[in-house]
Amino acid sequence: MELKHILTEPKTVATATGGALLQLLGVTWLDPVASVVVANIGTVFTALSISGFTIAPEVAWIPEGALTKLTLLAAAVYVVKLLDNLSDELKQKLNNDDS
């Protein structure tokens, strides 16, 4: 699946528009929820992986397709967070070596 297709999918556009509208209307719970999810993305990814790839195929009423998409989204966020942490550590190490 191409990134262009994912970003122009109606659900993606609706979610982004809804989030922006909630921010404009002053809904204050969106930022804390997003920051908690990102802070715990490793746990979220693990839970979604187990649910989506192990449990969902065995239990008919669990939506396997939706869990797979959520797992891939969590994986992408997790990788970005890991790369950001690595970048921060490298900058810190380089700055300490220069001192």
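You'll find the structure just up there.
Note that the structure is a prediction, hence the values are computed from the model and not measured.

> Would you mind going over helix α4 (residues 41-55) with me for this structure?
Helical geometry note: an α-helix holds 3.6 residues per turn, so side chains three or four residues apart project in the same direction. Between its first and last C-alpha, α4 extends 20 Å over 15 residues, near the 21 Å set by a 1.5 Å rise per residue. Of all the residues in α4, the buried ones are I41, G42, L48, S49 and G52. For α4, the buried positions fall inside an angular range of 130° around the axis, keeping them on one side. Exposed side chains of α4 directed beyond 90 degrees from the buried face belong to T43 and T54.

> What exactly am I supposed to notice about a nonpolar patch on the surface here?
On the surface, V79, L83, L86 and L90 cluster together to form a nonpolar patch covering roughly 370 Å² of accessible area. With respect to the helices, strands and loops of the structure, L90 is situated in helix α5 (residues 64-98).

Rules used throughout
- Positions within a chain are numbered from 1, following the residues in the order the chain's sequence is written.
- For a predicted model such as this one, the threshold for reporting local features is a pLDDT of at least 70, and the threshold for listing and counting side-chain atom pairs is 80 or more; totals across whole chains, interfaces and linings nevertheless cover every residue.
- The side-chain numbers reported here are obtained from all heavy atoms of the structure, hydrogens and water having been left aside.
- In this description a helix means any DSSP run of H or I spanning at least four residues, a strand means any run of E spanning at least two, and both kinds are numbered starting from the N terminus.
- Expected span of a helix: the number of residues minus one, times 1.5 Å.
- Relative accessibility thresholds used throughout: buried, under 20% of the residue-type maximum; exposed, over 50%; partly exposed, between the two (1.4 Å probe, protein chains only).
- This arc describes the spread of directions from the helix axis toward the C-beta atoms.
- Residues forming no salt bridge and having over 30% relative accessible area are the ones grouped into patches, like charges within 9 Å of each other and nonpolar side chains (Val, Leu, Ile, Met, Phe, Trp, Tyr) within 5 Å.
- Residue burial considers only the protein chains on display, and all accessible areas are found by Shrake-Rupley using a 1.4 Å probe.
- By salt bridge we mean one thing: a side-chain nitrogen of Lys or Arg within 4 Å of a carboxyl oxygen of Asp or Glu.

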